[in-house]
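# Survey of secondary and tertiary structure
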Amino acid sequence: MQATLTQTISFDGVGLHSGAPVRMDVHPAEPGFGVWFKRTDVTDADNMVRAIYSAVGAKPLCSELTNDAGVGVSTVEHIMAALAGCGIHNALVELDGPEVPIMDGCSADFVRAIVETGARKQAARLYAIEVLSPVIVEENGAMAMLTPAGGLEIDFHIEFPDAAIGRQHMALDMRNGTFVRELSDSRTFCRKADIDMMHDNGLALGGTYNNAVVVDGDDVLSPGGLRHADEAVRHKMLDAVGDLALAGAPILGRYTGVKAGHAMTNKLLRKLFANPSSYRMVPCSSEQAARLPGVGVRKADLALVA
């Protein structure tokens, strides 16, 4: 069965790129609606933007969606991950600006509000995208791949020169609230030199030590240090959950990423859907539905979220 929120949840924050204040309201939606963003500050053009892989552009550092009228919403990956990871299939996300609020750099605030509010089951059959054969994209030493699996699995490898990050690997089956417990509180990360360069060039103006893990060689500069010793790879997995949610339905498959990012995951989805023999849409059986992210999430899981 499909699911939506029991009531509207609201957030106030700033945009990662502009640093400007932004208000976001996530509303329940009818069965089959999917996830859409609505720009309430846009009144002279189509302000509805669908959360779908084919609407993703080439903006660096995040996933940005743009409709045919040129109206866009950026940094959608963390709220998309929260919705998918909590088993919400239908929602209308209203924003009074062009960016989803960055909050503390992860999905924890969104997840907490969704779980505390609760999900409402809807009398509509849930369909999933079953991966039938391997699909792979490679570029400059990075790789992303989808292979058949009974539910959503994420396997991620990263390697950075800074000793505070270094080489990390994690693999998780995303069933039974795994996203909430293991990934939702892991923050985006960057090198101090990179954030200084971005600020000097007018980028990531809303990025601070309080909404990202900033490293400099061996040192973690953000207050309080790391939430997990391997927080960096956990955040890359969080991003992957959000970017894969732009497929438009839950994925039954194993995602493997090696030094992959938003753009590569989007290329992977485009390659998947360009070959109809590599996937099929299937009505979820009770067994398949039980393996989807969000099934089995409990309020008690929030005790493990920073």
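First, a word on what this report is: a plain description of the structure on this page. (Residues numbered from 1 in each chain as written. Predicted model: local features only at pLDDT ≥ 70, side-chain atom pairs only at ≥ 80, totals over all residues. Heavy atoms only, no water.)

### Overview of helix H5 (residues 231–244)
- In a regular helix each residue adds 1.5 Å, so 14 residues correspond to 20 Å; H5 covers 20 Å between its end C-alpha atoms and thus fits that length.
- A large share of H5 lies buried, amounting to 14 of its 14 residues. (Helix = DSSP H or I, 4+ residues; strand = E, 2+ residues; numbered from the N terminus. Expected span 1.5 Å × (residues − 1). Buried < 20%, exposed > 50% of the residue type's maximum accessible area, 1.4 Å probe, protein only.)

### Quick word on the environment of glycine 19
- With respect to the helices and strands, glycine 19 occurs in the loop between strand S2 (9–14) and strand S3 (21–28).
- Expressed as a C-alpha distance, the spacing of glycine 19 and aspartate 301, which sit 282 residues apart in the sequence, is 31 Å.

### Focus: the sheet that holds S3
- In space, the 5 strands of this open sheet follow the order S2-S3-S8-S4-S5, with mixed pairing throughout. The open sheet is flanked by S2 and strand S5 (48–50), the only strands paired with a single partner. Here the strands of the sheet are splayed against their neighbours by 20 degrees on average, with no regard to which way each runs.
- In terms of strand pairing, S3 meets strand S8 (residues 91–95) through 5 bridges, oriented antiparallel. Pairing of methionine 24 across the sheet is with leucine 95, part of S8.
- Where helix H1 (residues 77–85) meets the sheet, it contacts S3, strand S4 (35–39) and S8, and its direction lies at approximately 145 degrees from that of S4.
- Lying on the sheet, helix H2 (residues 108–117) is in contact with S2 and S3; it crosses S2 at an angle near 170 degrees. (Pairing = 2+ DSSP bridges. Axes fitted to C-alpha atoms, helices over the stretch in contact; angles between N-to-C directions. Contact = heavy atoms within 4.5 Å.)

### Thoughts on the sheet that holds strand S17 (residues 219–220)
- The strand order across the open sheet formed by 3 strands is S15-S16-S17, and the pairing between neighbours is mixed. Only two strands of the sheet have a single neighbouring strand rather than two, namely strand S15 (189–191) and S17.
- Of the pairings in the sheet, the one linking strand S16 (residues 213–216) to S17 comprises 2 bridges and is antiparallel in character. Bridge pairing links valine 215 to valine 220 in S17.

### Some remarks on the nonpolar core
- Ranked by size, the top nonpolar core spans 81 residues in total, and within it Val26, Phe37 and Tyr255 carry the most contacts.
- Leaving out residues up to four positions away in the same chain, valine 26 has contacts with Leu5, Gln7, Thr8, Ile9, Phe11, Ile79, Leu83, Ala91, Leu92 and Val93.
- Counting residues in hydrophobic clusters, the runner-up holds 6 residues, among them Ala128, Val282, Cys284 and Leu292. (Core = buried A, V, L, I, M, F, W, Y, C linked by side-chain atoms within 4.5 Å.)

### Observations concerning the pairing of strand S13 (residues 152–159)
- When you tally the buried positions in S13, you get 6 out of 8 residues, the bulk of the element.
- Pairing analysis gives 6 bridges linking S13 to strand S18 (residues 251–258), with the strands arranged parallel. Bridged to aspartate 155 within S18 is threonine 256.
- Note that S13 and strand S14 (residues 167–173) share 7 bridges and pair antiparallel.

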